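Analysis of the macromolecular model
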There are 2 protein chains.
Amino acid sequence: MPSYGQFCPVAKAMEVLDERWTLLIVRELLLGSTRFNELRRGVPKMSPALLSKRLRALERAGVIERTEGKGYALTESGLELRPIVDALGAWGVRWIPQIGQADLDPHLLMWDVRRTVPVENWPRARTTLAFAFSDVAPKDRYWWLVVNGDEVDSCDADPGYDVAVTVATSLRTFTEIWRGDLSWAAALRSGAVKLDGSASLRRQVPDWVGSSLLSQVARPA
Amino acid sequence: MPSYGQFCPVAKAMEVLDERWTLLIVRELLLGSTRFNELRRGVPKMSPALLSKRLRALERAGVIERTEGKGYALTESGLELRPIVDALGAWGVRWIPQIGQADLDPHLLMWDVRRTVPVENWPRARTTLAFAFSDVAPKDRYWWLVVNGDEVDSCDADPGYDVAVTVATSLRTFTEIWRGDLSWAAALRSGAVKLDGSASLRRQVPDWVGSSLLSQVARPA
DNA sequence: CTGTATCCATGGCGATACTG
DNA sequence: CAGTATCGCCATGGATACAG
């Protein structure tokens, strides 16, 4: 760990936090992940060796603790990174609206969607929402969101249940909706999203799918 | 600039901000520096080539603008990094109290001190406060803070004026006082700081020297 | 499931010198 | 004053395979 040679607290903080991937791991922990492979899902482009290395660095820095057989947990110090991560997210969503093609990833997106599904808006009986991303290679194109009571599952293989509604759109469009860059209303109006299902169910889809916590951040004028 | 391959706003923000030195440059700009060589004083361990590179990256990212003949200025986007830098500083001062020997630097320290001197607490007539850092190599050991009305100068060469008070201490102790890790009262009591001058002037020294904005941050219990 | 071990290419970055 | 130019090392971290 290279030092900045400065006593300034910002510099000391960045010595711990500015290494590549580090704050994304903290973000995952703040979102509730605790196990190694759970963390991997949040940073899939990271090699396990590097993830392991970063976790040890965070442990040495006192930001996380390994708990016996229970994975990793943020310490008090780590929990206090939440305002920083939140502020970074708010800044990012305001000032970096351009999302490159390489930033789109259906696995990450559906992983995010899954953990924020507002189950209270869904029918009580098991309900399945299907997605077809027109611009994604066939093997990752189709996804199913199955809500059964309080349980939510996100599948990239057909679970075989009756589908209530199918959402047909591009991965980019659905990502933009998730991020709050685009509204359901606008996307439906323009035809960027097409819904297939009964009219009464179609109308509920926007309420079934949550959105990023950062979607509500005001955009610059 | 390597990408994380994630649409998450935190990841997009970190693509811009997690490169080594970047947020320290932003910190300097937030503190009021605008010229290249002014910025260098705040990040003296950085090579000019690298500083130049980072400035161009920040410009491309829309965080700063070059203004004709006036150096660099934060854009609206850049100004909104203030809460992030502040939060990082607060976290750093709370959770990374250990300052290595290599983190101590009289130039950085006196540069910081100079820009926060509360001139309103000083006598109206030109007044000089001298420092002698016992544990610093002779050439960087002696410093003079000269306050004349609203003007503040920090010199590493004797300006030749009468000295009101001399502060004799270690660089570490004075850094700790500046950061708020140690109070003047405790340092004087323990003998870690010795003042030389008339009793009435000696008593004012703590009010003449400001302290880091972060010194007021509550420390963890 | 939870990581380690190993290998290798890349390029980041530190040091130094130099220029308009 | 405000940067470029050049060089070279070594660490970063990506990929892959493997182990407790």
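The rules behind these values
- Residues numbered from 1 in each chain as written.
- Chains lettered and ligands numbered in written order.
- Predicted model: local features only at pLDDT ≥ 70, side-chain atom pairs only at ≥ 80, totals over all residues.
- Heavy atoms only, no water.
- Near = heavy atom within 4 Å.
- Polar contact = N/O pair within 3.5 Å; in protein donor to acceptor, adjacent residues only side chain to side chain.
- Helix = DSSP H or I, 4+ residues; strand = E, 2+ residues; numbered from the N terminus.
- Nonpolar A, V, L, I, M, F, W, Y, C, P; charged D, E, K, R; others polar.
- Contact = heavy atoms within 4.5 Å.
- Pairing = 2+ DSSP bridges.
- Least-squares fit on C-alpha atoms with pLDDT ≥ 70 in both.
- Axes fitted to C-alpha atoms, helices over the stretch in contact; angles between N-to-C directions.
- Parallel < 35°, antiparallel > 145°, perpendicular 65-115°, else oblique.
- Buried area = accessible area lost by both parts, 1.4 Å probe.
- Salt bridge = Lys/Arg side-chain N within 4 Å of Asp/Glu carboxyl O.

1. Observations concerning the protein's contact with DNA strand C
- If you check the shell around DNA strand C, you find 15 residues, and the closest are R35(A), N37(A), S52(A), R66(A) and R54(B).
- Between DNA strand C and the protein, one listed contact pairs a phosphate oxygen with a side-chain N or O atom of R20(B) at 2.8 Å.
- In the environment of DNA strand C, a phosphate oxygen lies 3.4 Å from a nitrogen or oxygen atom belonging to the side chain of W21(B).
- If you list the elements that add at least two residues to the surface near DNA strand C, you get α3 (36–42) and α4 (48–60) of chain A together with α4 (48–60) of chain B.
- The dominant element in the surface near DNA strand C, judged by the number of residues it contributes, is α4(A), at four residues.
- Within the surface near DNA strand C, the residues separate by chemical class into six nonpolar, three polar and six charged.

2. Overview of the side chain of K12(B)
- Examined against the element boundaries, K12(B) turns out to sit in helix α1 (residues 9–17).
- With residues near it in sequence (within four places) discarded, K12(B) still touches I96(A), Q98(A), I99(A), D103(A), R179(A), Q6(B) and F7(B).

3. Examining the pairing of strand β2 (residues 71–74) of chain B
- The sheet contact formed by strand β1 (residues 64–67) of chain B and β2(B) spans four bridges and is antiparallel. By the bridge assignment for β2(B), T67(B) is matched with G71(B).

4. Some points on the relation of the copies chain A and chain B
- Placing chain A over chain B gives an RMSD of 0.0 Å and needs a rotation angle of 180°, together with 0.0 Å of translation along the axis. Taken together, the rotation and translation relating the two chain copies correspond to the operation of a two-fold axis. In terms of C-alpha distance to the rotation axis, chain A has D18(A) as its closest residue, with the C-alpha 2.4 Å off the axis.
- Mapped onto chain B, 100% of the interface residues of chain A are again interface residues, and the two copies thus contact each other with one and the same surface.

5. Quick word on the sheet that holds strand β6 (residues 165–169) of chain B
All names here are of chain B.
- Taken together, the five strands give an open sheet; going across it, the order is β5-β4-β3-β6-β7, and neighbouring strands pair in mixed fashion. A single partner strand is all that each edge strand has here, and the edge strands are β5 (151–155) and β7 (193–197). For this sheet, the mean angle separating the axes of adjacent strands, direction not counted, is 15°.
- As paired elements, strand β4 (residues 142–148) and β5 share five bridges and run antiparallel to each other. Opposite W144, over in β5, you have C155 as the bridge partner.
- Strand contacts of helix α7 (residues 106–114): β3 (127–133), β4 and β5, with the helix running at about 10° to β4, the strand carrying the most contacts.

6. Things to note about the protein's contact with DNA strand D
- Taken together, 15 residues lie around DNA strand D, and R54(A), R35(B), S52(B), R66(B) and Y72(B) are the ones closest in.
- If you look at DNA strand D and keep only atoms within 4 Å of the protein, 79% of those are sugar or phosphate atoms.
- Taken together, the elements giving at least two residues each to the surface near DNA strand D come down to α4 of chain A together with α3 (36–42) and α4 of chain B.
- Per-element tally for the surface near DNA strand D: the top contributor is α4(B), with four residues.
- Considering only residue class, the surface near DNA strand D consists of six nonpolar, three polar and six charged.

7. Some points on the packing of helix α2 (residues 22–30) of chain B against α4(B)
Residue and element names in this part refer to chain B.
- Interaxial distance between α2 and α4 falls to 10 Å at its minimum, and their mutual angle equals 80°. Our classification of the angle between α2 and α4 gives roughly perpendicular. Counted together, T22, I25 and V26 of α2 and L51, R54, L55 and L58 of α4 form the full contact between these two elements.
- Looking at the contact of α2 with α4 residue by residue, the class counts come to five nonpolar, one polar and one charged.

8. Quick look at the interface of chain A and chain B
- On the side of chain B, 54 residues touch chain A, which itself brings 54 residues to the contact.
- When chain A packs against chain B, the two sides together hide about 4800 Å² of surface, and 68% of this comes from carbon and sulfur.
- Contact with chain B buries surface across chain A, with Y4(A), F7(A) and W91(A) losing the most and accounting together for 18% of the total.
- For the pair chain A and chain B, the number of links is four salt bridges.
- The shortest N-O distance in the salt bridge between D103(B) and K12(A) comes to 2.6 Å.
- Elements with a minimum of two residues in the side of chain A that touches chain B: α1 (9–17), α2 (22–30), α5 (76–79), α6 (82–95), α7 (106–114) and α9 (171–179) of chain A.

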